[in-house]
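# Structure at a glance
Here is what each chain is made of, one letter per residue.
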Amino acid sequence: MRKLIVLGLAWLACVSVACTQAPKNVAGGEIVPNGVWNDVDSAYINAHGGGILYHGGTYYWFGEHRPAEGFSTKVGVNCYSSADLCNWKYEGVALSVSDKAGDDIEVGCIMERPKVIYNVPTKKFVMWFHLELKGRGYEAARAAVAVSDTPAGPYRLVRSGRVNPGQYPQNMTEEERALNLKTEDYAEWWTPEWRKAVEKGLFVKRDLEGGQMSRDMTLYVDDDGKAYHIYSSEENLTLHIAELTDDYQRHTGRYIRIFPGGHNEAPAIFKHNGTYWMITSGCTGWEPNEARMFSAPSIWGPWTQHPNPMVGEGADKTFGGQSTFVLPLSKDNFVFMADVWKPKSLMYSAYIWLPVQFKEDGTPFIEWKNRWNLHFD
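Residues numbered from 1 in each chain as written. Predicted model: local features only at pLDDT ≥ 70, side-chain atom pairs only at ≥ 80, totals over all residues. Heavy atoms only, no water.

### Structural notes on the environment of Val-107
The line we're drawing: Helix numbers and strand numbers start at the N terminus; a helix is a DSSP run of H or I with at least 4 residues, a strand a run of E with at least 2. We call two residues in contact whenever any of their non-hydrogen atoms come within 4.5 Å of each other.
Checked against the element boundaries, Val-107 lands in the loop between β6 (89-96) and β7 (110-119). Sequence separation of Val-107 and Gly-56 is 51 residues, and the distance between their C-alpha atoms is 33 Å. Setting aside chain neighbours within four positions, we find Val-107 in contact with Thr-73, Lys-74, Val-97, Ser-98, Asp-99 and Lys-134.

### Overview of the layout of surface pockets
The condition that has to hold: A cavity here means a set of 1 Å grid points, computed over protein atoms only, where a 1.4 Å probe fits but cannot escape. A pocket is an open set with protein on both sides within 12 Å along at least 5 of 7 lines, and lining residues have an atom within 4 Å of a point. Grid points are joined across faces, edges and corners, and a volume is the space filled by probe spheres set on the points. Three residue categories are used. Nonpolar comprises Ala, Val, Leu, Ile, Met, Phe, Trp, Tyr, Cys and Pro, charged comprises Asp, Glu, Lys and Arg, and polar comprises the others, including Gly.
The computed volume of the largest pocket comes to approximately 760 Å³. Around the largest pocket, the lining comprises 29 residues; the ones closest to its centre are Ile-52, Tyr-220, Val-221, Phe-325 and Pro-328. For the lining of the largest pocket, the elements supplying multiple residues, two or more each, are β3 (48-55), β4 (58-64), β7, β11 (217-221), β15 (265-272) and β20 (322-328). At five residues, the largest contribution of residues to the lining of the largest pocket is made by β3. Across the lining of the largest pocket, the residue classes break down as 21 nonpolar, three polar and five charged. For the second largest pocket, the lining is made up of 20 residues, of which Glu-112, Tyr-138, Asp-216, Glu-265 and Gly-285 are closest to its centre. Classifying every residue of the lining of the second largest pocket by side-chain character gives five nonpolar, seven polar and eight charged.

### Considering the side chain of Lys-115
Threshold: Residue exposure (1.4 Å probe, protein chains only): buried if accessible area is under 20% of the type maximum, exposed if over 50%, otherwise partly exposed. Under the counting rule used here, the positive set is Lys and Arg, the negative set is Asp and Glu, and His together with the chain ends is not counted. In the sections that follow, a salt bridge refers to a side-chain nitrogen of Lys or Arg positioned within 4 Å of a carboxyl oxygen of Asp or Glu. N or O atoms closer than or at 3.5 Å make up a polar contact, with two conditions inside protein: a donor-capable atom paired with an acceptor-capable one, and, for residues adjacent in sequence, both atoms drawn from side chains.
By secondary structure assignment, the location of Lys-115 is in strand β7. One buried charge, Lys-115, has no salt-bridge partner; the nearest side chain with opposite charge is Glu-64, at 6.9 Å. Reaching out from Lys-115, the side chain makes a polar contact with the backbone oxygen of Gly-49 at a distance of 3.1 Å. Setting aside anything within four residues of it in sequence, one finds Lys-115 in contact with Gly-49, Gly-50, Gly-51, Val-126, Met-127, Trp-128, Met-217, Thr-218, Leu-219, Thr-324 and Phe-325.

### Focus: empty space enclosed by the protein
Taken as a whole and assessed by the stated rule, the structure comprises two cavities of 30 Å³ or more. Quantified by volume, the largest cavity comes out at close to 80 Å³. Contributing to the lining of the largest cavity are 16 residues, with Glu-287, Pro-288, Asn-289, Gly-321 and Gln-322 lying nearest its centre. In terms of residue class, the lining of the largest cavity is built from four nonpolar, 10 polar and two charged. Taken as a whole, the second largest cavity encloses approximately 30 Å³ of empty space. Forming the boundary of the second largest cavity are Ala-47, Gly-49, Gly-50, Trp-61, Thr-324, Met-337, Ala-338, Asp-339, Tyr-351 and Trp-353. For the lining of the second largest cavity, the leading source of residues is strand β21 (residues 334-340), giving three residues.

### Comments concerning unusual backbone geometry
That bond from Gly-153 to Pro-154 is cis: its omega, 15°, falls within 30 degrees of zero. As for its position among the elements, Pro-154 is in the loop between β9 (142-148) and β10 (156-161). Cis peptide bonds are those with omega within 30 degrees of zero, and the linkage from Gly-301 to Pro-302 qualifies with 0°. Position of Pro-302 relative to the elements: it lies in the loop between β17 (292-296) and β18 (304-306). You will see that Asn-164, though not glycine, has its phi angle at about 50°, which is positive. Locating Asn-164 in the fold gives a position in the loop between β10 and α2 (174-178).

### A word on the sheet that holds strand β12 (residues 227-233)
Heads up, the condition is: Each pair of strands is called paired provided DSSP finds at least two bridges between the two strands. To obtain each axis, a line is fitted to C-alpha atoms, and for helices this fit is confined to the stretch in contact; angles are then taken between N-to-C directions over 0 to 180 degrees.
Spatially, β11-β12-β13-β14 is the arrangement adopted by the four strands of the open sheet, whose pairing is antiparallel. Since the sheet does not close on itself, it has two edges, and those belong to β11 and β14 (251-258), each with one partner. Between one strand axis and the next, the sheet turns through 25° on average, direction left out of account.

### Considering the pairing of β17
Most of β17 is tucked away: four of the five residues are buried. For strand β16 (residues 275-281) and β17, the ladder comprises five bridges, and the chain directions are antiparallel. Residue pairing across strands places Tyr-276 opposite Ala-296, the latter belonging to β17. Both β17 and β18 contribute to a ladder of three bridges, which runs antiparallel.

### Some words on the confidence of the model for the chain
Detail in the predicted coordinates should be disregarded across regions flagged by low pLDDT. What counts, and what does not: The pLDDT value expresses, per residue, how confident the predictor is, ranging between 0 and 100.
Considering every residue of the chain, the mean pLDDT works out to 93; 93% of them sit at 70 or more. Every residue in residues 1-15 is under pLDDT 50, and counting partners more than four places away or in other chains gives five contacts. With pLDDT under 50 throughout, residues 21-27 is counted as low confidence; its partners more than four residues away or in other chains account for eight contacts.

Below, the structure written as structure tokens:
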């Protein structure tokens, strides 16, 4: 018993990001999803709704700095760095809120789901995130972009706003575009008539002039260097995939809708053997729900829905978490990242990292593991 206690204390002393020391035959470390996720200075990692950028041999984890109490953003976007995905160094605040009244990212705004990608031609690091303006709840539904010359920042806000104003999605038919749909004609939500109108583009038309809503989001850079912004739009009812310009700082105007009225958020996307896969969640506030999964032969579709990819006990609630990112380690190794939200103290919301596995037919699945080894090849 004494030996077990000593071993347990030694493990706790060396854990960083819920990782244990790697065996000699494993590159990296051992992930312990239910462990304590601390940085190398033993401070709890505060990087929620985030994503990871791999650049120059280093992993950079960007995420929301959440307060111990309250909801709105008081600090900004945090950044941590690691060589092995286990031992994380706090790099500081990559993008800080502003003290100036009226600024888009004024203290008290809401900054969520930050993701960073690197643009090779411009040598700029580009961050996109979901932004809500101070004092307006979730009304603004903006996408915001910031840039930096170095991966950890500091980042400079370029702009924020709705997405693709004046542009119809390319997979919206001419017949749908010609429909005279007005929100005032559908004051009662969730009726069969309302659902049909949503599918036909009710909210696309409502927001056409000012731009489409953008909330939960992620970024994806394809093999050809083209980048895409994937976000929950139309009152969180429909996902959009929008192409970014070559510098990754604007939208080209080309985008599609996916599963109109499907109520998907928290998108996380990856590609394996030429097929695009996307994992999302339903919309149940801070409460976990059953994950969804979709696939397509092209980023532009057609997209097909599959059963819940989670397997085992707790799969019906995504093991208590909500998807935020899928990190590729190699062509066949991916890490599914999720947040376990704790609304009473969002700062201490937990993290789940699990390996993405594949069935014989190539379909991904994610099974709970108490501990598992990272593989980078």
